[in-house]
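So the chains spell out like this:
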Amino acid sequence: MRTFEYHAPTSLNEAISLLQEHGEAARPLAGGTDLVVQMKEKATKFAAPSHIVSLLRVPELSGVSFSESEGLRIGAGATMSQVADSPIIRERYRAIAEGAALVGSIQTMNMATVGGNLCNAAPSADIAPPLLAFEAEAVIVGPSGRRKLALEEFFLGPGKTALAADELLAEVRVPLPPPGMGSAYDRHTPRKQMDIAVVGVAAALTMAGERIERARVALGAVAPTPVRAPQAEAALEGQAPSDELFARAADVSAAECSPIADLRGSAEFRRHIVRVMTKRMLREALDRARSG
Ligand SMILES: Cc1cc2nc3c(=O)[nH]c(=O)nc-3n(C[C@H](O)[C@H](O)[C@H](O)COP(=O)(O)OP(=O)(O)OC[C@H]3O[C@@H](n4cnc5c(N)ncnc54)[C@H](O)[C@@H]3O)c2cc1C
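For clarity, every value in this text was computed on a predicted model and none was experimentally measured.

**Student:** I tried to follow the sheet that holds strand β5 (residues 71–75) on my own but got confused; where do I start?
**Tutor:** The strands making up a sheet associate through hydrogen bonds between their backbones, and the pairing can be parallel or antiparallel. Pairing is antiparallel in the open sheet, where five strands are placed in the order β4-β5-β10-β6-β7. Of all strands in the sheet, those bounded by a partner on one side alone are β4 (64–67) and β7 (145–150). Averaged over neighbouring strand pairs, the angle between their axes works out to 20 degrees when direction is ignored. When strand β6 (residues 137–142) meets strand β10 (residues 168–174), the two strands line up antiparallel, connected through five bridges. Residue pairing for β10: Glu 137 is matched across the bridge by Arg 173.

Following this line, the structure appears as structure tokens:
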């Protein structure tokens with residue numbers, strides 16, 4: 001690992017000033033479960049930063065809060081354990097709690113942050129599909145103030161986000177789920193634990209009586225970024241739920257994603273898993289919507 005200077009700002013303004021001062025030579029550090037591993041890799045494709053700006057003591061980035069008028073706020077510095085254990089997230093935003101609970105081991109979850117998972121921008125990031133299914137927004141802070149961006153527009157490619165070098169992801173805002181909504185997230189991995197998603201699928205269904213009023217399907221690890229599956233969503237909306245409908249929507253979502261082939265699975269294998277898991281997540285989301 002190359003030597004670097006370590007900065008420990010105690011406010012968001014101070015952190016932004018440091019990033020502005022050191023430009024491309026600086027990188028923010030949250031839990032370090034991605035960044036430190038990347039910095040240790042010898043033949044790294046990631047620039048070795050000469051300034052590390054730790055976010056651990058920046059209070060504005062921490063915590064999870066909820067209000068009936070504003071919905072959910074997840075600070076970028078909230079850990080996966082905090083999200084997975086949050087009673088309000090478990091109750092009202094179930095798929096998000098499920099995504100957080102899958103990130104590595106308990107030790108990893110205690111260090112890994114939501115901001116780090118999103119800013120690392122791996123297509124397989126487990127917190128991304130559930131947040132996309134809930135139509136989350138990224139709140140970004142930089143030298144010229146705050147801006148909001150739909151999470152879908154935050155990811156630009158593997159390892160690439162819409163953040164400038166002197167900007168930070170401050171928090172994620174998740175709208176209030178409508179009454180009658182149920183959600184679910186799961187992923188396929190060859191190993192039961194400590195593995196990354198070969199495919200991840202989040203589904204959120206809002207029922208109006210016996211019809212699906214709103215459907216959201218989001219996929220991980222089957223495109224250069226985590227993505228929504230808009231054609232599958234359109235196939236579901238306005239319809240009465242059934243196994244046949246879910247099978248059709250699963251076929252559509254498998255057709256509209258663009259998986260790569262790598263040592264963890266061929267593109268065709270990934271499409272097959274998308275089909276299987278989309279059906280499974282839709283059934284689960286429906287059960288939860290019906291049971292309130
Ligand atoms: C053993 C192990 C198992 C893992 N298992 C999983 C898994 O199952 N699923 C999964 O999705 N991931 C997994 N990961 C990857 C990693 O744990 C997650 O991506 C984690 O959420 C990253 O968060 P972090 O706080 O550690 O980020 P860091 O490593 O600190 O940062 C990651 C990147 O984000 C940037 N960054 C961090 N916070 C901000 C911010 N607020 N604003 C701007 N940029 C920021 C950093 O500069 C860096 O580029 C695993 C990692 C390990 C080591």
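**Student:** What exactly am I supposed to notice about helix α12 (residues 267–291) here?
**Tutor:** Count 3.6 residues to each turn of an α-helix, and residues three or four apart come out pointing the same way. For α12, spanning 25 residues, the distance from its first C-alpha to its last is 36 Å, which sits close to the expected 36 Å at 1.5 Å a residue. Those residues of α12 not exposed but buried are Arg 270, Ile 273, Val 274, Arg 275, Met 277, Thr 278, Lys 279, Met 281, Leu 282, Glu 284, Ala 285 and Ala 289. On its buried face, α12 sits against β11 (181–188), β12 (199–208), β13 (211–220), α10 (230–236) and α11 (243–256). Phi for Gly 292, located one or two positions after α12, is positive at around 75 degrees.

**Student:** What is the right way to look at the site of the ligand in this model?
**Tutor:** Near the ligand lie 31 residues; those nearest to it are Ala 30, Gly 31, Gly 104, Gly 116 and Asn 117. Among the secondary structure elements, those contributing two or more residues to the shell around the ligand are β2 (26–29), α2 (35–40), α6 (106–111), α7 (114–120) and β10. A per-element tally of the shell around the ligand places α7 first, with five residues. The residues that make up the shell around the ligand include at least three from each of domain 1 (5–54) and domain 2 (59–174).

**Student:** Looking at this model, I keep getting lost on the sheet that holds strand β3 (residues 51–54). Mind explaining?
**Tutor:** Pairing is parallel in the open sheet, where three strands are placed in the order β1-β3-β2. Each end of this open sheet is capped by a strand with a single partner; those strands are β1 (5–7) and β2. Sheet twist, expressed as the average angle between the axes of neighbouring strands with direction ignored, equals 25 degrees. Where β2 meets β3, four bridges bridge the pair, whose relative direction is parallel. Within the sheet, the bridge partner assigned to Leu 29 lies in β3 and is Ser 54.

**Student:** Can you help me understand the pairing of β11 in this one?
**Tutor:** Each regular strand carries side chains that alternate between the two faces of the sheet. Within β11, eight of the eight residues are buried, leaving the element largely enclosed by the surrounding structure. A two-sided burial pattern is seen for β11, the buried positions comprising Met 181, Ser 183, Tyr 185 and Arg 187 on one face and Gly 182, Ala 184, Asp 186 and His 188 on the other. Sheet topology note: the β11/β12 ladder contains eight bridges and is antiparallel. Looking across to β12, one finds that Ala 184 is bridged to Ala 203.

**Student:** Honestly, the pairing of β7 in this entry has me stumped. Any pointers?
**Tutor:** Within β7, only zero of the six residues are buried, which leaves it mostly out in the open. If you look at the hairpin formed by β6 and β7, you'll find two residues sitting between the two strands.

**Student:** Would you mind showing me how to read the environment of Val 53 here?
**Tutor:** Within the secondary structure, Val 53 is located in strand β3. Discounting residues that sit within four places of it in the chain, Val 53 has contacts with His 7, Pro 9, Ala 15, Leu 18, Leu 19, Ala 26, Pro 28 and Leu 29.

**Student:** Which parts of the structure should I look at to understand the domain arrangement of the protein chain?
**Tutor:** Much of the literature gives interface size as the accessible area that the parts lose upon coming together. In terms of domains, the protein chain is made up of domain 1 (5–54), domain 2 (59–174) and domain 3 (181–291). Here the C-alpha centroids of domain 1 and domain 3 sit 35 Å apart.

**Student:** Is there a simple way to explain unusual backbone geometry in this structure?
**Tutor:** It is generally the case that most residues other than glycine have a negative phi and that most peptide bonds are trans. Even without a glycine there, the phi angle at Ala 121 is positive, about 55 degrees. Relative to the assigned elements, Ala 121 resides in the loop between α7 and α8 (128–133). Residue classification places Ala 121 among the buried positions, given that 22 C-beta atoms sit within 10 Å. For Ala 221, which is not glycine, the phi dihedral falls at a positive 70 degrees.

**Student:** Mind showing me how you'd approach the nonpolar core here?
**Tutor:** Among soluble globular proteins, nonpolar side chains are generally buried collectively. Grouped together as the largest cluster of nonpolar side chains are 90 residues, with contacts concentrated most on Val 83, Leu 131, Ala 202 and Ala 203. Looking at this core element by element, the count peaks at seven residues for α12. Filtering out sequence-adjacent residues up to four positions away, Val 83 remains in contact with Val 64, Ile 74, Ala 78, Ile 89, Ile 96, Ala 97, Ala 100 and Val 114.

**Student:** Looking at this structure, how should I read the environment of Lys 192?
**Tutor:** Take Lys 192: it is sitting in the loop between β11 and β12. Using a count of 6 C-beta atoms within 10 Å as the deciding quantity, one classes Lys 192 as exposed.

**Student:** Would you mind going over the packing of α11 against α12 with me for this structure?
**Tutor:** At a closest axis distance of 8 Å, the pairing of α11 and α12 adopts a crossing angle of 140 degrees. Compared by their axis directions, α11 and α12 come out oblique. Crossing hand, α11 versus α12: right-handed. Listed contacts from α12 to Phe 246, Ala 247, Ala 249, Ala 250, Asp 251, Ser 253 and Ala 254 of α11 are Arg 271, Val 274, Arg 275, Thr 278, Lys 279, Leu 282 and Arg 283. Residue composition of the contact of α11 with α12, by class: seven nonpolar, two polar and five charged.

Calculation criteria
- Residues numbered from 1 in each chain as written.
- Predicted model: local features only at pLDDT ≥ 70, side-chain atom pairs only at ≥ 80, totals over all residues.
- Pairing = 2+ DSSP bridges.
- Helix = DSSP H or I, 4+ residues; strand = E, 2+ residues; numbered from the N terminus.
- Axes fitted to C-alpha atoms, helices over the stretch in contact; angles between N-to-C directions.
- Expected span 1.5 Å × (residues − 1).
- Buried ≥ 20, exposed ≤ 12 C-beta atoms within 10 Å, placed from the backbone.
- Contact = placed C-beta atoms within 7 Å.
- Near = placed C-beta within 6 Å.
- Domains from an automatic or database assignment.
- Core = buried A, V, L, I, M, F, W, Y, C linked by C-beta atoms within 7 Å.
- Parallel < 35°, antiparallel > 145°, perpendicular 65-115°, else oblique.
- Left-handed = near helix turned anticlockwise from the far one by under 90°.
- Nonpolar A, V, L, I, M, F, W, Y, C, P; charged D, E, K, R; others polar.

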